[in-house]
Every structure is written in C-alpha cells, then in structure tokens.
Amino acid sequence: MSKMKNKMMKVSTPFNRLAVCIVLGLTVLIPISCETKQPQKTCSNFAEMPDPTNDTLSDWSDVPSGLQAAFISIDDKLPKSVAPRVPLIKNATVTGWKGEKVSSQLLLWSAENTPQITLAFTDFESGENKLPASVAQARFVRYVMTDEFGPGCGYRKPEDFAASLAPDMLDNLECFDMEAKTARPVWLTFKIRSDAVSGNYKGKLKLYADGRFVEDFDIELNVIDQVLPEPSEWLYHLDLWQHPSAVARVHDLQLWSDAHFEKMKPLMKMLADAGQKVITATLNKDPWNHQCYDAYADMIIWTKNRDGSWSYDYTVFDKWVQFMMDLGINKMINCYSLLTWNNQLHYNDAEKGELVTVELKAQSKEYAELWTPFLKDFTRHLRAKGWLEKTNIAMDERAPEDMEAALKVLNSSAPELGVSLADNHKSYRRYPWIKDISVGVGNIVPKEEIAARRAKGLITTYYVCCADKFPNMFTFSASAESVYAAWHAVAADFDGFLRWAYNSWVENPLTDSRFRTWPAGDTYIVYPDARSSIRFERLVEGIQDAEKIRILRKKYAEENTPESLAKLNRLEEAIAYFITLEPSDDWQNKLNEAKKLLNEI
C-alpha cells in the first residue's frame, strides 16, 4: 500500500463490511424516548483481509437473533469467524489508582447483518462525587493478518506459515456496520483522573444498533486511594525506536515537511504518554542497511568541500529532536550509528558534484579519518544546543572487535559523548562505563551489577526481538505477554525495556502485519493515524504495574512496621515468579493474581 488514503472508501449500507460507531466519552442526558432512535450515519471504512482459516465454516445456527454482547477478559483474543461460546456477562468492574489507565473488553457478535452500532458512556457516580463520561473511551478492535513464530528470525514466504486474523488494532473510526457471522471486540479504556476522589463509581455503557437502543451494561470503576505519577515522572526506562520515514511513506507526505511533522504529532504524543525516555536519531546513511520496509532517511547531511574540509547540516536533526522534546520525550537522544550494518557511509562530494558512498571497516585508518571531524563538530553542535549530556552514540548488536575499534575513535575524538548499546555479545562486561546498555532477553545480568551501574546513573535494560518467542509482542502473541515483559524487568531488576520498533510499518500496516523477514507484528506496535493496539495498551499497563511496585516498595520499606514488611514480603514473593522466561501453563492466572495484589495491599 504505497498510498494508504487510496484504500479508504465510504461505506454505509448494505452490510458488506463490519462497522461500529463508537461514541467516545458521550454523557447521555437525553429523554428515554430518544434512546430508542438515533440519526443514521455514513461511515468511513476500509476492508479487512478475508479470513484464511476454516473458522469461516463455523456453525452460527444456534446464535439467537439480533446483536449479542458480553464482557470478556482483556486476556482473551477470540477469532473473527467463530460463533463465540462465552458467558453472557453484562457487567464489568475495573480497579485502578488515581492517574492510572485501566481497560476492559466487550465482545459483540451476530449471525445477521447489523448496521450502525454505537456505544456511549454515562457519567460515573459515587455518592456526591462524579467522574465525567469523558474518562471512558470505547475503541473498535480491528483484525489484522498474522502468522506464527516458526523459526523466529529469517526470511519467510507467506505460504510457508499458517496465516490467521488476530484482533489487535484499536480503531478511531466513528462508525461501522457489522457483517453477519462475525465477532467484534470493543476495547474500553478508563483514564482515572489524578484528582479523583477514591471510591466505587457506577455508570453505564449503552449499546445501539441501526439507530435503536439495544441494551445497557453496568460498569463499576473502583478508584484506589493511591496516586500514580504522570508518565513523564515514571522511572521505568522505555525505549521504543521511532521511524519517521515510515510515516511519510504511508501517508504519502514529503519527508520532513511541516505536514509530515504534523502527522507524526499524535503518534509520538501517544509514545510520550507511555513514558518513553529516548529519541531515536540517525547520524548518516541508514544504520540498519534498509532491513525495514522503509529505509531510515538522513537527519544530518555530510558534505566534503572542495578544499577537503567538512561541513554538516543539522537542520533536520535539530527539528526532529526539538519536536520530540516538545512532546515530552527528553531524557536521551540515541544516535545511530558509528557502526552501520553494512559498514557504509555517504556524503556529498562538492568537487565531484555527487553523492559518494564508501564502505569502511572500523579498524581502518580511513574510518577514523572520516568520523573524527564529524564527531568533533557534532560535539560542538550539541553543546551549543544544550543537548550534549543527553546524547549517546548508539550501536546495535555489533561484534566486539568492531565495538573496540569504534569506541577507540569515539574516545579520542569526542570523549564527552555517551554510548548506548543493544548488546547480544555480553559486551557490557568489557565496557561497564557505557551509559545505556540493553541486553538480549535471557542474558542474565547479576542484580548487584545492575545496582552498581544504577548508583552511577547508568541505565541497564533488556530487549526482545524476532528470536524471542516469550515474552514478546507479535500480533499472534498472547496480549498478556506485553504485561509480563514489565514484570520480568522488575523481577530481574532491570531499569526498563527496549524494543524495536514503535512504528516501522510494513507495506499494508492497517490490514497485514506480516513481514518478509520476521514473525508478524515484530516491526511495529502501533498503527497509522495514531491508532493504538491491544499490544501497546497492555505494554503501558505493565509499565504502570512496574511504577506501582516501585511506589509500594518505597512506602512499605519507609513505614518499616511488621504489617508493612509483611505486605512487602507478599509483594516480593509474587514478583519472584516472573524471573522465568519459561513460565508454567497458568502464568496468566499468576500475573492477574499479582496485579490484584498491587491494589489489595
């Protein structure tokens, strides 16, 4: 899909596509007679891929007439074409701290075509206290094509891997019509205000179809008397790599234009609201040798002048960094890379009047000659911008001998610059001074080493990639794995988590999450036009858990009473389970029990 907007079309009726109108944050203060009829709507929509499984043969004959609805667990990922066999639960209870975002899931299904489904919340009331309906949001869950883990990394042909539709994307569309013999989840999000009064709030979720009232559901929102800080204050070190070029391509926008930055704003704001700490920037030619669908575009233009001197244009780099900082992502700037995946660099040669590409080994004399003037000038520029202390020269899974040569050049040319490394060679032990280390999941770093690094202000995280089956965030993964990832970080005492990538979109990201090289969903966790996903929402859920653990640990340790220490011991016993990467079959139950503990104690 080179131009996503060309895939969009207008749909109302007939019911050849599924559609749900989700009225976000609507306070219902209308007479009863108005609930029986709503205005007809025309909906913007796009088609999902056809279901490739035998699920389309599912027997729907015993499904009652009309639209069916029930609450299901947020852990459930049900197929699109199978008639659901779920308890008809008509009420939901969600619990959270002040400032926390919590979720619930409603499932819709019908054996018949059902047009114009809408959802609306009432206010939530607890005695004299009230939370407005706007704290709640309902988003229609889209199905995207996925595959299976298989061998993990490596080139793959679609026909060699079982394909299926997975519920993942949270769409922001106003309106959909629901086609016969399909199920459709709706993701419900509740953002508890930091100034909310603790208590048990009650409200309703109202369901409409074809302009008429269908039924309503009772929702209880339990607000715990604890406060979760704003995401900008979270200590959990989240590093999801951004990919601006993918945004320009998918939306058919000129790279680095004002329109491009405007389109990226809600997408990157969503990342900032997840507690992201790091800006992903590039130094020269695509550091990853175009391994993604879109190559990473230059942010800094190198020019070799006629007299042999060098000049560097930082215009795009500066605009990108300032843009991200203005959104609240301002702890680190990680710049890729002194070690590109194909050892190539390029620059404008003023005398030749052309772009020159060179391939240099890190151990060569020419490598040092090319990088030294840049690193010195880059240091000067960063100091002038006030960004020097935040900036790291970043490397990704580079061999130890290359690391040694590159760091020698860096230390001699720009010793004030920090270093960031995604490390799959246990290189952190050779370079314990590196500011930002992320080790591959399963590479055990002793807690005492992490603590020693933390005491020096150094960051230690872990990462997952295409080689890691669990915990991961593929579109076929259990959604609770995104939560487990944060509990594993806590159990292993890591400072946080790194993952490529936030938005390295494939060719048709709205409908097909598969990629030519890795398991489906590996390359992105959110969708175009700032559409979130179940995976991303649950990633944030896990980070919130990590922050709650940090707060409770501090609270109980400072209280230092027999009661508080007993609570702390219960918490630590629950956390210890998540050190494993090969959990028991009941790991999701253990995770839910541990999460409840954060609210109960």
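You'll find the structure just up there.
Please read all numbers here as calculations on a predicted model, not as lab measurements.

So, how was this worked out
Residues numbered from 1 in each chain as written. Predicted model: local features only at pLDDT ≥ 70, side-chain atom pairs only at ≥ 80, totals over all residues. Heavy atoms only, no water. Core = buried A, V, L, I, M, F, W, Y, C linked by side-chain atoms within 4.5 Å. Buried < 20%, exposed > 50% of the residue type's maximum accessible area, 1.4 Å probe, protein only. Contact = heavy atoms within 4.5 Å. Pairing = 2+ DSSP bridges. Helix = DSSP H or I, 4+ residues; strand = E, 2+ residues; numbered from the N terminus. Axes fitted to C-alpha atoms, helices over the stretch in contact; angles between N-to-C directions. Disulfide = S-S within 2.5 Å. Phe/Tyr/Trp six-rings, centres within 6.5 Å; stacked < 30°, edge-to-face > 60°. Lys NZ or Arg CZ within 6 Å of the ring centre and 35° of its normal. Polar contact = N/O pair within 3.5 Å; in protein donor to acceptor, adjacent residues only side chain to side chain. Salt bridge = Lys/Arg side-chain N within 4 Å of Asp/Glu carboxyl O.

Asks: What's the story with the nonpolar core in this structure? I'm lost.
Replies: Proteins that are soluble and globular tend to have nonpolar side chains buried together. In this structure, Phe317, Trp320 and Phe378 are the most contacted members of the largest nonpolar core, which totals 138 residues. Excluding anything up to four places from it in sequence, Phe317 contacts Ala281, Thr282, Met299, Ile300, Ile333, Cys335, Phe378, Leu382 and Trp387. By size, the runner-up hydrophobic cluster in this structure holds 31 residues, among which are Ala69, Phe71, Val102 and Leu108.

Asks: What is the right way to look at the sheet that holds strand E15 (residues 237–240) in this model?
Replies: Paired through backbone hydrogen bonds, the strands of a sheet run either parallel or antiparallel to each other. Ordered by their spatial adjacency, 8 strands build an open sheet running E15-E26-E25-E24-E23-E22-E19-E16, and the pairing between neighbours is parallel. Only two strands of the sheet have a single partner each, and these edge strands are E15 and strand E16 (278–282). Neighbour-to-neighbour, the strand axes of this sheet turn through a mean angle of 25°, independent of strand direction. The pairing of strand E23 (residues 418–423) with strand E24 (residues 436–440) spans 4 bridges and is parallel. Within E24, the residue paired with Ser420 across the bridge is Asp436.

Asks: Any chance you could explain the environment of Val439 here in plain terms?
Replies: Its location among the elements puts Val439 in strand E24. Since its relative accessible area comes to 1%, Val439 is described here as buried. Residues Val439 and Asp423, spaced 16 residues apart in sequence, show a C-alpha to C-alpha distance of 4.9 Å. Residue contacts for Val439: discarding those within four places in its chain leaves Asp423, Tyr428, Val445, Thr461, Tyr462, Tyr463 and Phe494.

Asks: What am I meant to see in the state of the cysteines here?
Replies: Two cysteines form a disulfide when their sulfur atoms are joined by a covalent bond. Enumeration according to the criterion identifies 1 disulfide in this entry. The disulfide bridge from Cys153 ends at Cys466, spanning 1.9 Å between sulfur atoms. As the torsion about the S-S bond is roughly 95°, the Cys153-Cys466 disulfide counts as right-handed. Placement of the pair is Cys153 in the loop between strand E10 (136–146) and strand E11 (164–171) and Cys466 in the loop between strand E25 (459–464) and helix H7 (481–492), with a sequence separation of 313 residues. By relative accessible area, Cys153 is classed as partly exposed at 33%. Cysteine Cys335 shares no disulfide, and the gap to the nearest cysteine sulfur, in Cys292, comes to 17 Å. Free of any disulfide, Cys465 has its nearest cysteine sulfur in Cys466, 4.7 Å distant.

Asks: Explain the side chain of Asp377 here, please?
Replies: Take Asp377: it is sitting in helix H4 (residues 365–385). Note on Asp377: relative accessible area 19%, which makes it buried. Not counting residues within four places of it along the chain, the set of residues in contact with Asp377 comprises Tyr312 and Tyr314.

Asks: Looking at this structure, I do not really get the packing of aromatic side chains. What am I missing?
Replies: A ring pair, where both rings are aromatic, is described by two values, the distance of the centres and the angle of the planes. Summed over all chains, the structure comprises 42 aromatic pairs. Plain terms: the ring middles of Phe121 and Phe124 are 6.3 Å apart, the flat faces sit at 45° to each other, and that makes the pair tilted. Relative accessible area serves as the criterion here: at 0%, Phe121 is assigned to the buried category. Geometrically, the ring pair formed by Phe470 and Tyr484 is edge-to-face, given 4.8 Å between the ring centres and 65° between the ring planes. Separated by 14 residues along the polypeptide, Phe470 in the loop between E25 and H7 and Tyr484 in helix H7 bring together distant segments of the chain. Through a chain of ring-to-ring contacts, the aromatic side chains of Trp302, Trp310, Tyr312, Tyr314, Phe317, Tyr347, Tyr367, Trp371, Phe374, Phe378 and Trp387 assemble into a single cluster. The ring of Phe161 carries the charged tip of Arg156 above its face, separated from the ring centre by 4.0 Å. Positioned over the ring face of Tyr577 is Lys590, at 5.3 Å from the centre of the ring.

Asks: How should the side chain of Glu48 be read in this particular structure?
Replies: Tracing the backbone shows Glu48 in the loop between strand E3 (43–45) and strand E4 (68–72). Since its relative accessible area comes to 14%, Glu48 is described here as buried. Of note is the side chain of Glu48, whose polar atom sits 2.7 Å from the side chain of Lys80. Of the polar contacts made by the side chain of Glu48, one reaches the backbone nitrogen of Tyr143; its length is 3.1 Å. Ignoring any residue separated from it by four or fewer positions in sequence, one finds Glu48 in contact with Lys80, Arg142, Tyr143, Arg184 and Thr511.

Asks: Just checking my understanding: could you explain the pattern of salt bridges for this structure?
Replies: Two side chains bearing opposite charge may form a pair once their charged atoms approach each other closely. This model, assessed by the stated rule, comprises 44 salt bridges. Glu449 is the salt-bridge partner of Arg429, the closest N and O atoms lying 4.0 Å from each other. Of this pair, Arg429 sits in the loop between E23 and E24 while Glu449 sits in helix H6 (residues 447–455), and the two are 20 residues apart along the sequence. For Arg429, a relative accessible area of 48% translates into the label partly exposed. The class of Glu449 is partly exposed, set by a relative accessible area of 29%. Of the charged contacts, one joins Arg514 and Asp512 as a salt bridge, the two residues approaching to 2.9 Å between their closest N and O atoms.

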